[in-house]
Amino acid sequence: DTAVSQTPKYLVTQMGNDKSIKCEQNLGHDTMYWYKQDSKKFLKIMFSYNNKELIINETVPNRFSPKSPDKAHLNLHINSLELGDSAVYFCASSRPIEAQYFGPGTRLLVL
Amino acid sequence: DQQVKQNSPSLSVQEGRISILNCDYTNSMFDYFLWYKKYPAEGPTFLISISSIKDKNEDGRFTVFLNKSAKHLSLHIVPSQPGDSAVYFCAASPVTGTASKLTFGTGTRLQVTL
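Residues numbered from 1 in each chain as written. Chains lettered and ligands numbered in written order. Predicted model: local features only at pLDDT ≥ 70, side-chain atom pairs only at ≥ 80, totals over all residues. Heavy atoms only, no water.

Participant: When you look at the nonpolar core in this model, what are you seeing that I'm missing?
Facilitator: Nonpolar side chains tend toward joint burial in soluble globular proteins. Within the largest apolar cluster, 23 residues are counted, with the highest numbers of intra-cluster contacts made by F33, W35, L73, L75 and Y88 of chain B. Elements represented by at least two residues in this core include exactly β3 (19-25), β4 (32-38), β5 (45-51), β7 (62-67), β8 (72-77), β9 (86-93) and β11 (108-113) of chain B. A total of four residues in this core trace back to one element, the largest contributor, which is β9 of chain B. In this structure, V4, L11, F47 and Y89 of chain A belong to the second largest nonpolar core, which totals 20 residues. (Core = buried A, V, L, I, M, F, W, Y, C linked by side-chain atoms within 4.5 Å. Buried < 20%, exposed > 50% of the residue type's maximum accessible area, 1.4 Å probe, protein only. Helix = DSSP H or I, 4+ residues; strand = E, 2+ residues; numbered from the N terminus.)

Participant: Please explain the pattern of salt bridges as it appears in this structure.
Facilitator: Between side chains of opposite charge, a pair can form when the charged atoms approach closely. The full count for this structure, using the stated rule, is six salt bridges over all chains. Between K71 of chain A and D30 of chain A there is a salt bridge whose closest N-O contact spans 2.7 Å. With K71 of chain A in the loop between β7 (64-70) and β8 (73-78) and D30 of chain A in the loop between β3 (19-25) and β4 (31-37), the pair connects residues that are 41 residues apart, well separated along the chain. Judged by relative accessible area, which is 35%, K71 of chain A ranks as partly exposed. A salt bridge links E58 of chain B to K56 of chain B, with the nearest nitrogen and oxygen atoms 3.9 Å apart. For E58 of chain B, a relative accessible area of 51% puts it in the exposed group. When salt bridges that share partners are traced, they join R63, E82 and D85 of chain A into one network. (Salt bridge = Lys/Arg side-chain N within 4 Å of Asp/Glu carboxyl O.)

Participant: Explain the state of the cysteines to me, please; I cannot follow it from the model alone.
Facilitator: Cysteine pairs can be covalently joined through their sulfur atoms, and such a bond is termed a disulfide. Inspection of the entire model under this criterion finds two disulfides over all chains. Covalent S-S linkage joins C23 of chain A and C91 of chain A, the inter-sulfur distance amounting to 1.8 Å. Disulfide C23 of chain A-C91 of chain A: torsion about the S-S bond near -75 degrees, hence left-handed. With C23 of chain A in strand β3 and C91 of chain A in strand β9 (residues 87-94), the pair connects residues that are 68 residues apart, well separated along the chain. One disulfide bridge connects C23 of chain B with C90 of chain B, the sulfur atoms lying 2.0 Å from each other. (Disulfide = S-S within 2.5 Å.)

Okay, structure coming up:
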């Protein structure tokens, strides 16, 4: 029943590791997004895909690589994790020029 | 440079009264505006939106007002209920293409007291 789901919900890892976060939506939306909420609770867009094509790519280190195997999935792979990557990562999806619907978030802690 | 600002970090309102949350923006390219509610440990939940061709949109207890000349929008919740206690985020986007690049404010924590 969950419209936008993310796994895992919590992720604790060591600096230098590589990790992935998965996102799936069952709303039939063509567009999916990744957002980062930092320690100051500021929510900022990172990437957006439309029908598996990258259309928004904000100033994000290239250690972050989104991958969209199909339009219902948008995964986020992070290489060489750093302390500053600790944050909550939210996936979202939408139809064009409509409200975005968010997943529950993945809490990443890099030690 | 914060293009969307919510200057009140918190607001406390009695149950049954009106809650008014405010938001200011600086980017004149924004023409689609949204309010989201967020509970702890959950993702933001869409509440209500308004496009720049309107100055008011209403959905049940929630009304959003847009003043384009002042670059200001507000969310009114009437009557406020304890379940409305949450952090409210204002967001804005230019209307272009297939994706909305939402810019969020920093949020206002609303507490509705009994």
